[in-house]
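Chain by chain, the residues:
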Amino acid sequence: METLLSHPQRRPPFLRQAIKIRRRRVRDPQDPQPQKEIKPPSHQLSPEERTLLYEEALYTVLHRLGQPEPNHVIEASELLRYLQEAFHAEPEEHQRRLQHVRELQKPIFCLKATVKQAKGILGKDVSGFSDPYCLLGIEQGVGMPEGSPGARRRQKAVVRHTIPEEQTHRTQVVSQTLNPVWDETFILEFEDITNASFHLDMWDLDTVESVRQKLGELTDLHGLRRIFKEARKDKGQDDFLGNVVLRLQDLRCREDQWYPLEPCTETYPDRGQCHLQFQLIHKRRATAASRSQPSYTVHLHLLQQLVSHEVTEHQAGSTSWDGSLSPQATTILFLHATQKDLSDFHQSMAQWLAYSRLYQSLEFPSGCLLHPITSIEYQWIQGRLKAEQREELATSFSSLLAYGLSLIRRFRSVFPLSVSDSPARLQSLLRVLVQMCKMKAFGELCPDSAPLSQLVTEALRTGTVEWFHLKQQHHQPMVQGMLEAGKALLSLVQDIVGDLHQCQHTWNKIFHNALKIDLFSTAFLELQWLVAKRVKDHTAAVGSLVSPEMGESLFQLYVSLKELCKLHPVPLERDGVLALDGFHHWFQPAIPSWLQKTYSVALARVQRAVQMDELVPLGELTKHSTSAVDLSTCFAQISHTARQLDWPDPEEAFMITVKFVEDTCRLALVYCSLIKARARELSAGQKDQGQAANMLCVVVNDMEQLRLVIGKLPTQLAWEALEQRVGAVLEQGQLRNTLHAQLQGALAGLGHEIRTGVRTLAEQLEVGIAKHIQKLMGIRESVPPEDAILPLMKFLEVKLCYMNTNLVQENFSSLLTLLWTHTLTVLVEAAASQRSSCLASSRLKIALQNLEICFHAEGCGLPPEALHTATFQALQRDLELQAASSRELIQKYFCSRIQQQAETTSEELGAVTVKASYRASEQKLRVELLSASSLLPLDANGSSDPFVQLTLEPRHEFPELAARETQKHKKDLHPLFDETFEFLVSAEPCRKAGSCLLLTVLDHDTLGADDLEGEAFLPLCKVPGLTGSEEPVEVPQTRLPLTYPAPNGDPILQLLESRKGDREAQVFVKLRHQRAKQASQHAPRPGQ
């Protein structure tokens, strides 16, 4: 059966055309009344406007529709209480207004339904697709309790059967698809939301076609079954695809979901989904505001009122509003925008206008403006706004830009660094301005606006100048005068330096990151010109006669200007020329005053420090007194003043440095005189010599500390850098000769004073050392040497520990050096006087050993190279000999002759050849005297009668062994003896040091004494058989050059000779003198 719905081109008179609101991208349904404004209105409303707005808000709450959003307030009473607070209404007024609103006519409730699209629907046509369209409407007056069987019952043609045709709406037909897209909006009115339900049927449009046409569209067997099925139904009857039934009271104010299409049978349970959007709105609201003003304007005013209340509440609680609205405000604004059917764009625009206006009068974060900016930019289409709206938006842009630039101009006071979040607030403001100026809306509505970076730069430049003048007024002195004017100018410059530091380290980064603006350079260029003019005028007014007080003020101003110039940004624009270039010339007349003031202050501090000094060490580690510390601080202050001055002109800088060095050296010598006078003053009434010594130690330490401080002058005054600067204007070496001569003169004077003090301390100890050494000689012989030197060592221990405690290391080392030299002199004199006394020499030897240990002090005293002087080494050798017994001396004598024999290589006196061996089993020393050669002719006939005398020396080691002799050979200078001698002797004495076989070659004279040809010494310790445990098998020959005794006398023999009471010593010395006399008679002459 053909129905009227089968032919959409022929619409029945009873089915009216649906009221459709198509979503278009070029126009918005809102058409608010234009409101021309030159300046942004205040957020404060008139009493009449507030009353109308209050009723509008109450009306919105009372006629709320739909289920609440998840984070919204549910209770209407809570929302009403919030509105009472937000509008500052008294309880009586609130109840009166509320009653009035309740008496107003209710609005027309509407469901704004948008059929977006569907997916996965059934294909009803032979081709496998469908031609879907939708029928939709609201069924009114039928209750459907939740969970009842009828709530979910499937009904075929429910819209057609249950909703009158004049209330039924229909979408367009989308041909041949299973995923149709409609995007059509319908306004559906209803009376009572509690018993109203939304119905949507989806149908496949069928038209009358021939079998041939259908067979041509056939693609598979499934399509063939559709042909047979259609043959059984009425021609032109549409196919049911599914439906959606929803209770309106279950919907939220806004819904946007996919809903499943319900089937009428179980044949195809899965019929796809339909995408629907719902919004519960009002029509014909009875409030005066809704009747007289555009919805957009009313919403803007409501938003301003609620945001103003939120900000005020936070400020009352001493907290800052973070941009988040309370749940009550969010709920009310959402309900109002939904009920008034405001588009998202108009909501964003209203939020922007409200926030941008409120930001200019209330204090809240500028970051709250970013969200509406982003929303407007995302949805911007210029054509959707009327001219009045565009002007309003353009005015808001211009107003906020002007306000933001005014804040930036005054950023030093608006965003003080004393408030921790100031940098973040300024950064947020710049970000808002940058984002606003980047908007398409801003570019189209404000095309003549200059670039933001240019505007901000000009604002910063203007603001810097304004800030300077404000600071200048702030520092204006109450009393007019040059000194007061200088102090005010100094404070102004110091504030400028501090501000530039803040610009450089904090603000510059913010402006550069946001707009690539170099705030620091801009501020520096402006401020330095302003400062230069005022400083130049001030110094010109002061003139060339500078008082000490004015000089101090000018110096502080000069230092502050140097600090300002050090902030010089590189590179600079404006041809790189600064008004402050060469500013030091303005201060040139004040230099003499500065130098004199520096010296006068330092001298007064030195005098005061010495006068207050009690000459007591500051501590165990700090051995100088308080005046030395004060003096170091005083010199450091002079060096600091010189570094602060840092005069740019090289030649003048050199003269200034010369003056500083001269004054410093003069102060050092003045200090030496004052500290010595102070020591004399304090020790005058002291009877305790120890206390006087303490003070002398402190004085010496103070001078040493002063010398260390003076030695640092080249580093503290940067002589190397100065030398590089003045190299072009001074002669080579002039700086070094001048400054170093001054420094060396001062150091020499200090060194002399220190040496004098140390010499005085040393003299007090030298007397005691000499006395104890003299007493050492008089102690009785029964006292061991180790005990005899105890008084001397205890005296030194006490005195040196005392000096070490009271002197710094440098002075203590100098004292030790003096004492060591003096002690060695006393010991040398004592050793010379006790030369013949073995016991006294032994005591002196032990004393020298202990003194060496004492003065070395395990590395804490004098170093070995300072102890082991030539005097010490000579004294050590002498005492070593003097302390030895006669036999030990004889043994040492033979050791020296054996050493002389080993070192002799010349055979000018001749030589003897021997073979010597020792047989331990027989305890026999076997000596084969083979020959002699190249002997000296000692007889008148030009020849000699040689023979050899063999003795084992020293005699006290071999007392029972008599001397042996060889045969005498007549007139033979190369005798061949070939004789063997055996000595019965044990090995032990042979291995001792000095034990030797003495071979004395003599020339036999018949009438007189035999003449000496020479002597040879064979050390027994090197004889085979004595050097090891094995007896020799083959004995080598040994050739020994002949030697003579020393012609000048041997010191050992001299020492033995001095021991008159020792017969053994005298016999030995007599024999050796005899040999020496014989040797002197026949010593070979040079060239012979």
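Residues numbered from 1 in each chain as written. Predicted model: local features only at pLDDT ≥ 70, side-chain atom pairs only at ≥ 80, totals over all residues. Heavy atoms only, no water.

1. Regarding the overall build of the protein
Thinking step 1. Scanning the protein for helices and strands turns up 36 helices and 16 strands.
Thinking step 2. Here the protein, with 1088 residues, has 49% of them falling under the buried criterion.
Thinking step 3. Intrachain contacts of the protein at a sequence separation of at least 6 include 79% that bridge at least 24 residues.
Thinking step 4. Taken as a whole, the protein presents about 53400 Å² of accessible surface, with 51% of it coming from carbon and sulfur. (Helix = DSSP H or I, 4+ residues; strand = E, 2+ residues; numbered from the N terminus. Buried < 20%, exposed > 50% of the residue type's maximum accessible area, 1.4 Å probe, protein only. Contact = heavy atoms within 4.5 Å. Areas by Shrake-Rupley, 256 points an atom, 1.4 Å probe, with all protein chains shown as cover.)

2. Remarks on the packing of aromatic side chains
Thinking step 1. A full pass over the atoms with the stated rule returns 26 aromatic pairs.
Thinking step 2. One aromatic cluster is present, formed by F555, Y558, F583, F587, W594 and W647 through successive ring pairs.
Thinking step 3. Just above the ring of Y133 sits the side chain of R170; from NZ or CZ to the centre is 4.0 Å.
Thinking step 4. Residue placement shows R412 over the ring face of W467; its charged tip is 5.1 Å from the ring centre. (Phe/Tyr/Trp six-rings, centres within 6.5 Å; stacked < 30°, edge-to-face > 60°. Lys NZ or Arg CZ within 6 Å of the ring centre and 35° of its normal.)

3. Overview of unusual backbone geometry
Thinking step 1. Geometrically, the link from E953 to P954 is a cis peptide bond, its omega value of -5° lying close to zero.
Thinking step 2. Mapped onto the elements of the fold, P954 is located in the loop between β11 (946-953) and β12 (964-965).
Thinking step 3. The phi dihedral of Q176 is positive, around 45°, even though this residue is not glycine.
Thinking step 4. Mapped onto the elements, Q176 comes out in the loop between β3 (169-170) and β4 (181-190).
Thinking step 5. Located in the positive-phi region is S934, a residue other than glycine, with phi close to 55°.

4. So, the sheet that holds β12
Thinking step 1. A sheet is described by the order of its strands in space; here four strands give the open sequence β12-β11-β14-β15, paired in antiparallel fashion. One side of each edge strand has no neighbouring strand; the edge strands of this open sheet are β12 and β15 (1011-1019).
Thinking step 2. With respect to the sheet, helix α33 (residues 886-903) is in contact with β11, β14 (996-1003) and β15, its orientation differing from that of β15 by roughly 95°.
Thinking step 3. Seen against the sheet, helix α36 (residues 1063-1081) touches β11, β14 and β15 and runs at an angle of roughly 125° to β15. (Pairing = 2+ DSSP bridges. Axes fitted to C-alpha atoms, helices over the stretch in contact; angles between N-to-C directions.)

5. As for helix α11 (residues 370-379)
Thinking step 1. By the burial criterion, the buried members of α11 are L370, P372, I373, S375 and I376.
Thinking step 2. Summarising the contacts, the buried residues of α11 are in contact with α10 (344-359), α14 (422-438) and α15 (440-445).

6. Overview of the pairing of β15
Thinking step 1. Within β15, nine of the nine residues are buried, leaving the element largely enclosed by the surrounding structure.
Thinking step 2. With eight bridges connecting them, β14 and β15 associate as antiparallel partners. Within the sheet, the bridge partner assigned to L997 lies in β15 and is L1018.

7. Description of the pattern of salt bridges
Thinking step 1. For the structure shown, the criterion picks out 35 salt bridges.
Thinking step 2. Put simply, E1064 and R887 hold a salt bridge, and the shortest N to O gap is 3.1 Å. Placement of E1064 in helix α36 and of R887 in helix α33 is noted, with a sequence separation of 177 residues between them.
Thinking step 3. A relative accessible area of 30% means that E1064 is categorised as partly exposed.
Thinking step 4. Residues joined in a network through salt bridges with shared partners are K659, E662, D663 and R666. (Salt bridge = Lys/Arg side-chain N within 4 Å of Asp/Glu carboxyl O.)

8. A look at the side chain of D1011
Thinking step 1. Along the chain, D1011 turns up in strand β15.
Thinking step 2. Discounting residues that sit within four places of it in the chain, D1011 has contacts with L938, V1001, L1002, D1003, D1005 and H1082.

9. Observations regarding the environment of A718
Thinking step 1. With respect to the helices, strands and loops of the structure, A718 is situated in the loop between α24 (713-716) and α25 (719-726).
Thinking step 2. C-alpha of A718 to C-alpha of S639: the two residues are 79 residues apart in sequence and 9.5 Å apart in space.

10. Regarding the sheet that holds strand β5 (residues 196-204)
Thinking step 1. With respect to topology, four strands assemble into an open sheet ordered β3-β2-β5-β6, the strand pairing being antiparallel. Edge positions in the sheet fall to β3 and β6 (239-247), since each has one partner strand and no second.
Thinking step 2. Here strand β2 (residues 132-140) runs beside β3; their pairing, made up of two bridges, is antiparallel. Bridge pairing in β3 places L135 opposite R170.

11. Looking at the packing of helix α17 (residues 482-515) against helix α19 (residues 548-566)
Thinking step 1. As a packed pair, α17 and α19 sit with axes 9 Å apart at the nearest point and diverge in direction by 20°. Between α17 and α19, the crossing angle belongs to the class labelled roughly parallel. By crossing handedness, the relation of α17 to α19 is classed as left-handed. Listed contacts from α19 to M482, L483, G486, K487, L489, L490, V493, Q494, I496, V497, L500 and H501 of α17 are E549, M550, S553, Q556, L557, S560, L561, E563 and L564. (Parallel < 35°, antiparallel > 145°, perpendicular 65-115°, else oblique. Left-handed = near helix turned anticlockwise from the far one by under 90°.)

12. Remarks on the side chain of R1072
Thinking step 1. In this structure, R1072 sits in helix α36.
Thinking step 2. Classification of R1072 by relative accessible area gives buried; the value is 3%.
Thinking step 3. A polar contact of 2.9 Å, which involves the side chain of R1072, links it to the side chain of E1015.
Thinking step 4. Apart from residues no more than four positions distant in its own chain, R1072 is found in contact with Y893, R897, L998, E1015, F1017, P1045 and L1053. (Polar contact = N/O pair within 3.5 Å; in protein donor to acceptor, adjacent residues only side chain to side chain.)

13. A short note on the packing of helix α22 (residues 650-683) against helix α26 (residues 734-778)
Thinking step 1. The geometry of α22 relative to α26 is characterised by a closest axis approach of 10 Å and an angle of 5° between their N-to-C directions. Comparing the axis directions of α22 and α26 gives the class roughly parallel. Side by side, α22 and α26 meet where F654, T657, V658, V661, E662, C665, A668, C672 and K676 of the first sit next to Q734, L735, T738, L739, Q742, L743, A746, L750 and E753 of the second.
Thinking step 2. Its residues assigned to classes, the contact of α22 with α26 comprises 11 nonpolar, four polar and three charged. (Nonpolar A, V, L, I, M, F, W, Y, C, P; charged D, E, K, R; others polar.)

14. A word on the environment of N195
Thinking step 1. Among the structural elements, N195 can be located in the loop between β4 and β5.
Thinking step 2. N195 sits in the partly exposed class, given a relative accessible area of 23%.
Thinking step 3. The sequence separation of N195 and Q140 amounts to 55 residues, and the corresponding C-alpha distance is 6.3 Å.

15. Some words on the confidence of the model for the protein
Thinking step 1. In this model, the protein carries a mean pLDDT of 84, and residues with pLDDT of at least 70 account for 89%.
Thinking step 2. Note on residues 1-41: pLDDT is under 50 here. Beyond four places in sequence and across chains, it has 82 contacts.
Thinking step 3. Long-range and interchain partners of residues 147-155, a stretch whose pLDDT sits below 50, account for 11 contacts in this model, where long-range means more than four residues apart. (pLDDT = per-residue confidence, 0-100.)

16. Focus: the environment of G861
Thinking step 1. The topology assignment puts G861 in the loop between α30 (838-856) and α31 (864-867).
Thinking step 2. C-alpha separation for the pair G861 and L800, spaced 61 residues apart in sequence, amounts to 9.9 Å.
Thinking step 3. Contacts of G861, omitting those with residues within four sequence positions, involve L816, F855 and H856.

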